[in-house]
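# A closer look at the structure
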Amino acid sequence: MLEIENQHRHSMFTNPRVPDCAVTNEAYAKRCVEIGSKVLSSCEHGWQGNAWDIHKLSEKYELKHLAASEPYWVKNRTEKDGTNCHIFIAAKNENGRRALNAALSEANISGFYGRPRLDLPLILGLPKDDIWVTTACIAYWKYEDVDLITEEFANHFGKNFFLEVQYHNTEEQINLNQRILKLHNKLKVPLIMGCDSHYIYPSQKQDRVDFINSKGVQYPEEDGWYMDFPDGDTAYSRFVKQGVLGHTEIMDALSNTLVFREVEEYDCPIFNTDIKMPSIY
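Each chain has its residues counted from 1, following the order in which its sequence is written. Local features in this predicted model are restricted to residues of pLDDT 70 or higher, and side-chain atom pairs are both shown and tallied only at a pLDDT of 80 or more, whereas totals for entire chains, interfaces and linings draw on every residue. Each side-chain value is derived from all of the structure's non-hydrogen atoms; neither hydrogens nor water enter the calculation.

### Some remarks on the overall build of the protein chain
Applicable threshold: Helix and strand assignments come from DSSP, with helices taken as H or I runs of at least 4 residues and strands as E runs of at least 2, each series counted from the N terminus. Our radius of gyration looks at C-alpha atoms and nothing else; its globule reference is 2.2 Å times the residue count to the power 0.38. By definition, residues are in contact when any of their heavy atoms lie within 4.5 Å.
The number of helices and strands found in the protein chain is 9 helices and 11 strands. For 281 residues, the compact-globule formula gives about 19 Å, and the C-alpha radius of gyration of the protein chain, at 18 Å, lands near that figure. Along the first, second and third principal axes, the C-alpha set of the protein chain runs to 70 × 45 × 40 Å. When contacts within the protein chain are restricted to residue pairs at least 6 apart in sequence, those whose partners lie at least 24 apart make up 78%.

Right, dumping it as structure tokens:
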């Protein structure tokens, strides 16, 4: 079985303003073990997710905790811009985690317009050696000049920046992957697979539909998407069926997800379970 890491996933802790998923983090942890993955991501829309929950589950299932987020971003957070593009950001180490947390906090303080929004200065202000960044899903590509912005990100983050390809067999995703492939060849930015999981198994698709409908929400743009948590062989076969990437490109996109195994343990007091008492002088 081909090995992959599923960094782009969402759970019941996703942004409460955008009902999206009813799957527990523990279900994701169990699935990681089931298919041989080593990393448990905390990725949620707009914030880092339940970090404490992910930390405990990572210890329980002998996985690595990856602090990650799929933030909303705009060009300028001081403007009333409801474009709300998506981007994926993950912390390689404690410095990266703190920087990501600070940026997301600022997105809520000075960038909130319907949703917390990062902007170009906040994203480019992140420490380029301490985080990973990908272009997330189809919602990344909303601006007309997004290719130029992507080139700016690539120049800033270097080897830690990836063009994310997904395997949905829809016309919109096929067209996007063709566009991404051209940009990949032009900028020499590596490809990376994103699952964008919102449940574990294909049989749970209707459960999610029922959940979001119960909240009065519908996402017609997601029709035809795979939103489960596949193993590597299944992911490969979906790209083949989609018919955009060649064998080498698919294998590169899958194997590049293994970069998240390099995440360092986060050195943060909130993950220390020792009883904390004030010093007495």
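### Quick look at the packing of helix α1 (residues 25-35) against helix α2 (residues 51-60)
Stated precisely, the cut-off is as follows: Interaxial angle, 0 to 180 degrees, is taken between N-to-C directions of lines fitted to C-alpha atoms, where a helix line uses only the stretch in contact. If an angle is under 35 degrees, it is roughly parallel; if it is over 145, roughly antiparallel; if it lies from 65 to 115, roughly perpendicular; otherwise it is oblique. In a left-handed crossing the near helix is turned counterclockwise from the far helix by less than a right angle, and in a right-handed crossing that turn is clockwise.
Running from N to C, α1 and α2 cross one another at 30°; their axes reach a closest spacing of 10 Å. Accordingly, the angle class assigned to the pair α1 and α2 is roughly parallel. Helix-helix and strand crossings are classified by hand; for α1 and α2 the assignment is right-handed. Contacts between α1 and α2 pair Asn25, Glu26 and Ala29 from the former with Asp53, Ile54, Leu57 and Lys60 from the latter.

### What about the packing of aromatic side chains?
Spelled out, the test is: What counts as a ring pair is set by centres within 6.5 Å for rings of Phe, Tyr and Trp (its six-membered ring), and what kind of pair is set by the plane angle: stacked under 30 degrees, edge-to-face over 60, tilted for all other angles. Any residue under 20% of the maximum accessible area for its type is buried, any over 50% is exposed, and the rest in between are partly exposed; the area is computed with a 1.4 Å probe on protein chains only.
Inspection of the entire model under this criterion finds 11 aromatic pairs. A centroid spacing of 5.2 Å and a plane angle of 80° characterise the contact between tryptophan 132 and phenylalanine 260, whose relative ring orientation is edge-to-face. Remark: phenylalanine 260 occurs in the segment after α9 (247-255) and tryptophan 132 occurs in strand β9 (residues 131-134); sequence separation between them is 128 residues. In this structure, tryptophan 132 and phenylalanine 260 share a single accessibility class: buried.

### Quick look at the sheet that holds strand β11 (residues 191-193)
Across a sheet, strands are paired by hydrogen bonds formed along the backbone, either parallel or antiparallel in direction. Note the following rule: At least two bridges found by DSSP between two strands is the condition for calling them paired.
With mixed pairing, the 5 strands of this open sheet are ordered in space as β3-β6-β9-β10-β11. The strands lining the two open edges of the sheet, one partner per strand, are β3 (68-69) and β11. Taken strand by strand, helix α6 (residues 171-187) contacts β10 (161-165) and β11, and its axis lies near 155° from that of β10.

### Some thoughts on the pairing of β10
Note the cut-off: Crossover handedness is defined by viewing with both strands directed away from the observer: a clockwise path from the first strand over the helix to the second marks the crossover as right-handed.
Most of β10 is tucked away, with 5 of its 5 residues classed as buried. Burial of the side chains of β10 extends over both faces: Phe161, Leu163 and Val165 are buried on one face and Phe162 and Glu164 on the other. For β9 and β10, the ladder comprises 2 bridges, and the chain directions are parallel. Residue threonine 134 lies in a different strand from β10, and its bridge partner there is phenylalanine 162. Inspection of the sheet shows β10 paired to β11 by 3 bridges, in the parallel sense. Counterpart to valine 165 in the pairing with β11 is methionine 193. Handedness of the crossover is the feature at issue here: the chain leaves β10, passes through α6, returns alongside β11, and the resulting connection is right-handed.

### Things to note about the state of the cysteines
Note: disulfide means a covalent bond formed between the sulfur atoms of two cysteine side chains. Stated precisely, the cut-off is as follows: The disulfide definition used here is simple: a pair of cysteine sulfur atoms within 2.5 Å.
Tallied over the full model, the rule gives 0 disulfides. Of all cysteine sulfurs in the structure, the one in cysteine 137 sits closest to cysteine 43, which takes part in no disulfide; the separation is 9.6 Å.

### Here we look at the side chain of serine 42
Let me state the cut-off plainly: Counting of polar contacts relies on pairs of N or O atoms within 3.5 Å, with two restrictions inside protein: one atom must be capable of donating a hydrogen and the other of accepting it, and residues adjacent in sequence are counted only when both atoms are side-chain atoms.
When you line up the elements, serine 42 lands in the loop between β1 (39-41) and α2. By relative accessible area, serine 42 is classed as buried at 2%. Reaching out from serine 42, the side chain makes a polar contact with the backbone nitrogen of alanine 68 at a distance of 3.0 Å. When residues no more than four places from it in sequence are discounted, the contact partners of serine 42 are Arg9, Gln48, Gly49, Ile54, Leu66, Ala67 and Ala68.

### Some remarks on the pairing of β9
Neither face of β9 is exposed, since Ile131 and Val133 on one face and Trp132 and Thr134 on the opposite face are all buried. By the bridge criterion, 4 bridges tie strand β6 (residues 88-91) to β9 in an arrangement that is antiparallel. From the neighbouring strand, isoleucine 89 faces β9, where its bridge partner is valine 133. Between the parallel pair β9 and β10, the chain is carried across by helix α5 (residues 146-157), and the sense of this crossover is right-handed.

### A look at the packing of α5 against α6
Test applied: Throughout this entry, Asp, Glu, Lys and Arg are counted as charged residues, while Ala, Val, Leu, Ile, Met, Phe, Trp, Tyr, Cys and Pro are counted as nonpolar. The remaining residues, Gly among them, count as polar.
Between α5 and α6, whose axes approach to 12 Å, the crossing angle comes to 45°. Compared by their axis directions, α5 and α6 come out oblique. The way α5 lies across α6 gives a crossing that is right-handed. Residues Val146, Asp147, Thr150 and Glu151 of α5 form the contact with α6, whose participating residues are Arg179, Leu183 and Leu187. Grouping the constituent residues of the contact of α5 with α6 by class yields 3 nonpolar, 1 polar and 3 charged.

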